[in-house]
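Secondary and tertiary structure notes
Read off the chains here:
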Amino acid sequence: MAEADTPLRFTEVSKSFARGPARVQALDRLEIALQAGTVTGLLGPDGAGKTTLMRLAAGLLRPDTGIVTILGADTRSQANTIQREIGYMPQRFGLYEDLTVQENLDLYADLQGLGREDARTRQQDLLKLTALGPFGARRSGALSGGMKQKLGLACALLRAPQLLLLDEPTVGVDPIARRELWDIVQGLRDKGVTVLMSTAYFDEAERCDEIILLHQGKLLKKDTPKAFSAPLRGRCFLVTNNATSKRHLREALQARPGVQDARILAEGVRVLCRTTAQPAATEGEQWQPVDPAFEDAFVDLLGAPVAAAATAATTTPATATSTPPQASASAQPGQESAAKTVIEVRDLCKFFGHFEAVKGNTFSVRKGQIFGLLGANGAGKTTTFRMLCGLLPASSGTLRVAGVDMRHASGRARARIGYVSQKFSLYGNLSCDQNLAFFSAAYGLRGTRRQDRLNWARQEFQLRDYRDVNADDLPLGIKQRLALACALLHEPPILFLDEPTSGVDPLARREFWQRVNALAESGVTVMITTHFMDEAEYCDNLVLMSLGEVLAQGSPEQVRAQAKDAEHPDPSMEDAFVLLIQAHEGQIRRAS
């Protein structure tokens, strides 16, 4: 490839970092080159070296060995020049939340040395591109997550860069905002901008021209999405069985010899086999060959995660089988009516001053269910969660958790709740073991039981190798494991998970859902928010919120059915999310 066609080239690049007395090899003799005017996806598990690669490409780090060339310039000697010619949006873009949208754009224009007239023209173009024009006077801290990401992107594009580096720009944003961001990225590619974008979403990877797959600092493969998946033809199947739930079917298939991976879809369970030999179907199963996708190739190259332990994750081995799978309300449709209601919400409202964040919502959750709470950024999901956990008082309505009225006796209910917040609520300057010890004491564990639960957490969540590592220094997937372990130490019958997989790599997400499924099978009730619509299919029931209101609720099939129309006869969950929310918000705007 000619140098003129290569906006970014890594030649034998290595980079390591100190971690205590040891050094961690982040990148190892990496060789890559991008083609001009393309979108390249950067993927890999936690610790693969993705962010290190991005920071080297932005000239913010120097390689230990090798050469990084950006637009023909060497980052070792021309970093300042390079940074004026590229756009870089890190995972946590540094917006100034007390400044307005316009003031943030003005500040970044000044920092990038743009003249006032050039800056004003460019800002107007970017405000139109990102649809932020009507919000120029709004404080950036008051923007939704998706709008903040679009503002960060606009700030990164002020100098009209030839090369744009985006480090997981869609983490934590809802499907509508993701689609808007992707429309912007594809429009930039059409104008000749070269884009390198790291992502945890497989559907985004499929839309890239090429994919770079890293593992343990090494280049595993670089090719088009179709080239990744083509070798798996004949190994992928869609399996259905009307006699059992998809979750039970998925668990049975994952344990079957010859099956490498099984994941729940709207239509059934997608299976990746280890060879082209199809495993024997059991009674009631229907196997249908399907085309391979990039996600199948990712799992095939990196290996499916180790299955969760067979024992219930919240119990000690002596009591692990005390709650039979039949107790789960999700086990079979006919059993749900007999299951106990453990969360009851009726006419729930929450005001912040004159702003009504939650508007008279009603729903209930039964024992052993996985219950999903979906919605756009700013829909009121986290506010609802915090009220359910007793962390925020409700303004009005009925709110009962584990038989306790949360408006009057929330302390009694909190002892029966496990809670994992969006940012995991870990103490970053404490080690893994110190976090476990702190939370065990906070939950009132003492003596032998406390020691048993600490040993259980280290073993069950594979934390022994990280006992002395501070939480801030843990890979995101390990940090997620630690947060879940802390939440389960006191064996709560109800678990609240607020976007627990945001930013977590795809293999860690799979491992996480295996654990959640095992919890539900043991009778634990799980309530979860997520922006991954494939995860919504793992839920027994869902509530879809918009602007503080419930738009739809029911099983995933029932929610998808509410979005059907002539143009979308068989909508995916993401389609249903977008269609229902856009229709509702359009009605609100027309009525206002």
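Values in this document were obtained by computation on a predicted structure and should not be read as measured data. (Residues numbered from 1 in each chain as written. Predicted model: local features only at pLDDT ≥ 70, side-chain atom pairs only at ≥ 80, totals over all residues. Heavy atoms only, no water.)

1. Let's talk about the domain arrangement of the chain
We note that the domain assignment places domain 1 (8-228), domain 2 (234-290), domain 3 (352-416 + 494-551) and domain 4 (427-491) within the chain. Relative placement of domain 2 and domain 4: their C-alpha centres are 35 Å apart. (Domains from an automatic or database assignment.)

2. Let's talk about the sheet that holds strand β23 (residues 541-546)
Hydrogen bonds along the backbone pair up the strands of a sheet, which may run parallel or antiparallel. Taking strand neighbours across the sheet as the criterion, the six strands line up as β20-β21-β22-β17-β23-β24 in an open arrangement whose pairing is mixed. Two strands bound the open sheet, and with one partner strand each, they are β20 (417-420) and β24 (549-554). This sheet shows a mean twist of 15° between the axes of neighbouring strands, independent of strand direction. As paired strands, strand β21 (residues 494-498) and strand β22 (residues 525-529) are joined by five bridges and run parallel to one another. Paired with D498 across the bridge in β22 is T529. (Pairing = 2+ DSSP bridges. Helix = DSSP H or I, 4+ residues; strand = E, 2+ residues; numbered from the N terminus. Axes fitted to C-alpha atoms, helices over the stretch in contact; angles between N-to-C directions.)

3. Structural notes on the packing of aromatic side chains
Tallied over the entire structure, the rule returns 15 aromatic pairs. Seen in terms of ring centroids, Y201 and F532 are 4.5 Å apart; in terms of plane orientation they differ by 20°. Their pairing is stacked. Highlighted residues: Y201 in the loop between β8 (194-198) and α7 (202-206) and F532 in the loop between β22 and α17 (533-536), separated in sequence by 331 residues. The two residues Y201 and F532 agree in class, both being buried. Centroid distance F202 to F298: 5.1 Å. Interplanar angle 70°. Geometry classified as edge-to-face. One end of the pair, F202, is in helix α7; the other, F298, is in helix α10 (residues 294-302), with 96 residues separating them in the sequence. For the pair formed by F202 and F298, the shared burial category is buried. The structure contains a cluster of three or more aromatic residues connected by ring pairs, namely F202, F228, F294 and F298. Here R178 stacks its cationic end above the ring of Y201, 3.8 Å away from the centre of that ring. A cation over a ring is seen here: R453 above W456, with NZ or CZ 4.0 Å from the ring centre. (Phe/Tyr/Trp six-rings, centres within 6.5 Å; stacked < 30°, edge-to-face > 60°. Buried < 20%, exposed > 50% of the residue type's maximum accessible area, 1.4 Å probe, protein only. Lys NZ or Arg CZ within 6 Å of the ring centre and 35° of its normal.)

4. Some remarks on the sheet that holds β8
Spatially, the six strands line up as an open sheet ordered β6-β7-β8-β3-β9-β10, and their pairing is mixed. Each edge of the open sheet is held by one strand with a lone partner, namely β6 (86-89) and β10 (218-223). Direction aside, neighbouring strands of the sheet carry axes that sit 15° apart on average. Bridging between β6 and strand β7 (residues 163-167) involves four bridges; their strand directions are parallel. Residue pairing for β7: I86 is matched across the bridge by L163.

5. Some details on the layout of surface pockets
If you add up the space inside the second largest pocket, you get close to 810 Å³. Considering the residues around the second largest pocket, the lining is formed by 29 residues, among which I264, L265, E295, M533 and D534 are closest to the centre. Looking at the lining of the second largest pocket, the elements with two or more residues in it are α7, β12 (259-264), α16 (506-521), α17 and α19 (573-591). When residues in the lining of the second largest pocket are grouped by element, the largest group, four residues, is from α16. Partitioning the lining of the second largest pocket into residue classes produces 13 nonpolar, one polar and 15 charged. (1 Å grid on protein atoms, 1.4 Å probe; cavity = no way out; pocket = protein on both sides within 12 Å on 5 of 7 lines; lining within 4 Å. Points joined across faces, edges and corners; volume = space filled by probe spheres on them. Nonpolar A, V, L, I, M, F, W, Y, C, P; charged D, E, K, R; others polar.)

6. Let's talk about the pattern of salt bridges
Summed over all chains, the structure comprises 40 salt bridges. In this structure, the salt-bridge partner of D74 is R76, at a minimum N-O distance of 2.7 Å. Residue class for D74 comes out buried when judged on its relative accessible area of 17%. R76 sits in the partly exposed class, given a relative accessible area of 37%. (Salt bridge = Lys/Arg side-chain N within 4 Å of Asp/Glu carboxyl O.)

7. Description of the side chain of Q260
Positionally, Q260 belongs in strand β12. Using a relative accessible area of 9% as the deciding quantity, one classes Q260 as buried. At a separation of 3.2 Å, a polar atom in the side chain of Q260 contacts the side chain of R235. (Polar contact = N/O pair within 3.5 Å; in protein donor to acceptor, adjacent residues only side chain to side chain.)

8. Examining the packing of helix α15 (residues 476-488) against α16
Running from N to C, α15 and α16 point in directions that differ by 15°, and their axes come no closer than 10 Å. Classed by the angle they form, the pair α15 and α16 counts as roughly parallel. Crossing handedness for the pair α15 and α16: right-handed. Across the interface between the two elements, G477, Q480, R481, L484 and L488 from α15 touch A508, E511, F512, R515 and L519 from α16. (Parallel < 35°, antiparallel > 145°, perpendicular 65-115°, else oblique. Left-handed = near helix turned anticlockwise from the far one by under 90°. Contact = heavy atoms within 4.5 Å.)

9. Considerations on the environment of P45
Locating P45 in the fold gives a position in the loop between β3 (39-43) and α1 (50-57). Along the backbone, P45 and Q216 are 171 residues apart, and their C-alpha atoms lie at a distance of 8.3 Å. The residues contacting P45, other than those within four sequence positions of it, are K50, L214, H215, F298, L302 and D505.

10. Observations regarding the confidence of the model for the chain
Looking at the chain as a whole, the pLDDT averages 88, with 92% of positions reaching at least 70. The element-level mean pLDDT for the chain is lowest in helix α12 (residues 410-414), coming to 75, with strand β11 (residues 236-240) highest at 98. Here residues 307-338 is a poorly scored stretch, pLDDT under 50, and it has 62 contacts once near neighbours within four places are set aside; other chains count. (pLDDT = per-residue confidence, 0-100.)

11. A short note on unusual backbone geometry
The phi dihedral of L71 is positive, around 50°, even though this residue is not glycine. For L71, a relative accessible area of 31% translates into the label partly exposed. Phi at A160 takes a positive value of approximately 50°, unusual for a residue other than glycine. Tracing the backbone shows A160 in the loop between α5 (145-156) and β7.

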